[in-house]
Amino acid sequence: MALLSSPETSQEVPLPPEIRAKASVGPVRTPRILRWLDFFLSETLRNAPPEELVRHRVLVAAACFMLMLAMLYLAITLFTPYSPLPGIAGVLYLAILVAARKARTLVVPAVIMLVTLTIGFLGGTFSNKTNLEGGVHATNMLLPAFAVYLLGPRRALPFVLFLVVIMDVVHPLYVLRHADSSDPSFSLARFWVRHGMAGIAFLGIWGISALHSTARDAAHHSLERALKKLRASELKLSGIIESTDDIVVALDPEGRLLVANSAMERFYRLLVGKELELGQTLFRYSKPERVQLWRSRLALVREGQRLRYEEAYEAGGSRVVLDISMHPIFGETGRTVGVTLFARDVTQRKEAETRLGEMHRTLVDVSRQTGMAEVATGVLHNVGNTLNSVNISTTLVTDRLRRSRVTGLAKAVGLLRDNLPELPTFLTRDSQGKQLPPYLIAVSDELVEERESMLKEMQALAQSVEHIKSIVSMQQKHARSAGAVEQVDVPQLIDEALRLHAVSFERLAIRIVRDYADVPLIFVDRHKLLQILINLLSNARHALVDSEQEDKCLRIRVERSDDGERLRIDVTDNGVGIAPENVARLFTQGFTTKKTGHGFGLHISALAAEEMKGKLSCTSPGPGQGATFTLELPVKGETA
């Protein structure tokens, strides 16, 4: 019965020397005589259990002996007046050997043997009507059998030989000395034959008994060796299941406890407050709903299914979570004969997973806040630059208005208003009046020029205000769509991200190269994708600022992958590049190559890419040779 399945409990456990000695028994060597006897047995009879194999071998040995005895009797009848019929009947013993060679059970050969012996016994008993001692030899046959049983084959052999000498030598000499040879009923030949056959029968009984004893000892020795192996295996298995902190339990098909390790006993003591009892069901002290659930699971396992589940228990005043596996044990017929149950305490792992989940949610929230901060920083930076232009335009317009000739024009109009009744005389004869028309012409020209200049400034001011409005509007749009999956035009979103950095790129003379292929719309979280793009563009800008390249270039390529299943965005710069030993660590939290960096942007971007079922990676030929960040996103993503 396999009780262990986990890798930790299947390792070799060191055993004491005495156990190793018991476990290191070699193969059983079968005596030669038994191997000869096995030749007359069929394959099925040879592979029978040891206690049955003893009977098989004894039957074959008895048949061989009786066949030999029958042949000897036939030989004797050639020189004596005995009837050869008993010897001819001995051919039935040959039939026993043939039947044993082909039989699947011992029934047929045994029946032939018993029938043959019974016929011989009845024939010998009733052949002489005046002989009243038919049972004498049957009683004497107990002597060699008891001798072998009490003394063993070797020690019993001298005793049996002594009986044979008494019967075949001493007793005939004694009879010949005292018998009346003139008695017509006395036959010396028949006398010697009877005693000789009796001696042979004594030796035959000794041989069969010795064979039975030898076969029995061999079977017993084989059984003892098997038991030693079994005990060694049990000790080894017990050492393995006791060396683990996991719960190991074996149950019968009805759920009654058969085997349990010490870990199960400790847990049961904490759970129930009682000692674990073999032969009892595990959940007999549980609530009815838990008992019903246990029975339903046990029924599934009895049907051949394997179950694995997690279940929480209140044990010892604390909550314990177990990872439980139940497996059926199949018998030789394929039916379930038992159930093994393995349980591992995963409370700490579940608590760690809970903390990890909380940390992940916190990290996602922080990433969103960081992304929003990055976007807000870009917005404020670009709005600040635009406000500088607005401030300059406002200052110019104010200075123009302050220096405007509108005041002088008002004075000239006042002079005209004061001399309105004599306007012709004033314009032709008065010295101030003569200067007034040229002055008005000059002021008019200057005001037209001033108007054109101020219109240009106001147009520039209007453009700056419109730019601010577009930046704020775009930020509001992305803020509203955060967390929502929608259909996104990736090139358009890249242009919007570039617009947030447009002023910085222009001021730093960074050349932007757009290489957009014809790509389909994809379903993604717009805010997450914008956050990743802004982080990549910001990193590229810093790499180009720190670079000594004169032609600072940022190339953005959008295309589909070779299999068409993913959309690929490459952000390539010719900036400071990345050392090979740092490429693998770029997306690790807290790692940065910037003096003022926090090592958070790329890590958050990589997490956001994974959440969108995508991947963010980086390649760089080396320091001073630029870098390429690649974002891959599935084309067929989740629908909105």
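**Q** Is there a simple way to explain the overall build of the chain in this structure?
**A** The number of helices and strands found in the chain is 22 helices and 12 strands. A burial count over the chain gives 38% of its 640 residues as buried. Within the chain, counting contacts between residues at least 6 apart in sequence, those at least 24 apart form 64% of the total. Accessible surface, the chain: about 38,300 Å² in total, of which carbon and sulfur atoms supply 58%.

**Q** Is there a simple way to think about unusual backbone geometry in this case?
**A** A negative phi angle is the norm for most residues apart from glycine, just as the trans form is the norm for most peptide bonds. In this structure, Ala-509 is a non-glycine residue whose phi angle is positive, near 60°. Relative to the helices and strands, Ala-509 is located in the loop between α19 (502-507) and β7 (511-516). The exposure class of Ala-509 is exposed, given its relative accessible area of 56%. The backbone of Lys-613 sits at a positive phi, close to 65°, despite the residue not being glycine. Looking at the secondary structure, you find Lys-613 in the loop between α22 (601-611) and β11 (615-619).

**Q** Explanation requested: the nonpolar core in the structure shown.
**A** Burial of nonpolar side chains together is a common tendency in soluble globular proteins. Core analysis: the largest hydrophobic core is formed by 42 residues, its most contacted members being Leu-529, Leu-554 and Phe-629. Among the elements of the structure, α18 (490-500), β8 (522-525), α20 (526-545), β9 (553-560), β10 (566-573), α22, β11 and β12 (627-634) are those that each provide at least two residues to this core. When residues in this core are grouped by element, the largest group, 9 residues, is from α20. Non-local contacts of Leu-554, meaning those with residues more than four positions away in its chain, are made with Phe-505, Ile-510, Arg-511, Ile-512, Val-513, Leu-537, Ala-540, Leu-544, Val-571, Thr-572 and Asp-573. Core analysis: the next-biggest nonpolar cluster, separate from the first, contains 28 residues, Leu-34, Tyr-93, Met-113 and Ala-219 among them.

**Q** What should I look at first to understand the environment of Arg-349 in this one?
**A** With respect to the helices and strands, the residue Arg-349 is situated in helix α14 (residues 347-402). Residue class for Arg-349 comes out partly exposed when judged on its relative accessible area of 38%. In this structure, the C-alpha to C-alpha distance between Arg-349 and Val-321, residues 28 residues apart in sequence, is 9.2 Å.

**Q** For this particular structure, what's the right way to read a nonpolar patch on the surface?
**A** Where nonpolar side chains cluster on the molecular surface, the patch consists of Phe-162, Val-165, Ile-166, Val-169, Val-170 and Leu-173 and spans about 500 Å² of accessible area. By the element assignment, Val-170 lies in helix α10 (residues 153-178). Residue class for Val-170 comes out partly exposed when judged on its relative accessible area of 40%.

**Q** Just to check I follow, could you spell out the sheet that holds β9 for this structure?
**A** Strands pair in a sheet through their backbones, by hydrogen bonds, and they do so in one of two ways: parallel or antiparallel. Strand order in this open sheet of 5 strands is β7-β9-β10-β12-β11, and the pairing throughout is mixed. In this open sheet, the two strands that pair with only one neighbour each are β7 and β11. Taking each pair of neighbouring strands and ignoring which way they run, the sheet shows an average axis angle of 15°. Bridge count between β7 and β9: 6 bridges; the pairing is parallel. Within the sheet, the bridge partner assigned to Val-513 lies in β9 and is Arg-555. In the packing of α20 onto the sheet, contacts are made with β9, β10, β11 and β12, and the angle to β10 comes to roughly 20°. Here α22 sits on the sheet and contacts β11 and β12; the angle it forms with β11, its principal contact strand, is near 135°.

**Q** Looking at this structure, how should I read the packing of aromatic side chains?
**A** By convention here, two paired aromatic rings are described through the distance between centres and the angle between planes. Within this structure, the stated rule accounts for 2 aromatic pairs. With 5.4 Å between their ring centres and 80° between their planes, Phe-39 and Phe-40 make a pair best called edge-to-face. Assessed through its relative accessible area of 53%, Phe-39 is described here as exposed. When the ring of Phe-267 is compared with that of Tyr-313, the centres are 5.8 Å apart and the planes differ by 85°; the resulting orientation is edge-to-face. Linking Phe-267 in helix α12 (residues 262-272) with Tyr-313 in strand β3 (residues 307-315), this pair joins segments that are 46 residues apart in sequence. Taking NZ or CZ as reference, Arg-101 lies 4.8 Å from the ring centre of Phe-39, over its face. Seen from the ring of Tyr-309, Arg-297 lies directly overhead, with NZ or CZ sitting 3.7 Å from the centre.

Thresholds applied
- Residues numbered from 1 in each chain as written.
- Predicted model: local features only at pLDDT ≥ 70, side-chain atom pairs only at ≥ 80, totals over all residues.
- Heavy atoms only, no water.
- Helix = DSSP H or I, 4+ residues; strand = E, 2+ residues; numbered from the N terminus.
- Buried < 20%, exposed > 50% of the residue type's maximum accessible area, 1.4 Å probe, protein only.
- Contact = heavy atoms within 4.5 Å.
- Areas by Shrake-Rupley, 256 points an atom, 1.4 Å probe, with all protein chains shown as cover.
- Core = buried A, V, L, I, M, F, W, Y, C linked by side-chain atoms within 4.5 Å.
- Patch = residues over 30% accessible without salt bridge, like charges linked within 9 Å, V, L, I, M, F, W, Y side chains within 5 Å.
- Salt bridge = Lys/Arg side-chain N within 4 Å of Asp/Glu carboxyl O.
- Pairing = 2+ DSSP bridges.
- Axes fitted to C-alpha atoms, helices over the stretch in contact; angles between N-to-C directions.
- Phe/Tyr/Trp six-rings, centres within 6.5 Å; stacked < 30°, edge-to-face > 60°.
- Lys NZ or Arg CZ within 6 Å of the ring centre and 35° of its normal.

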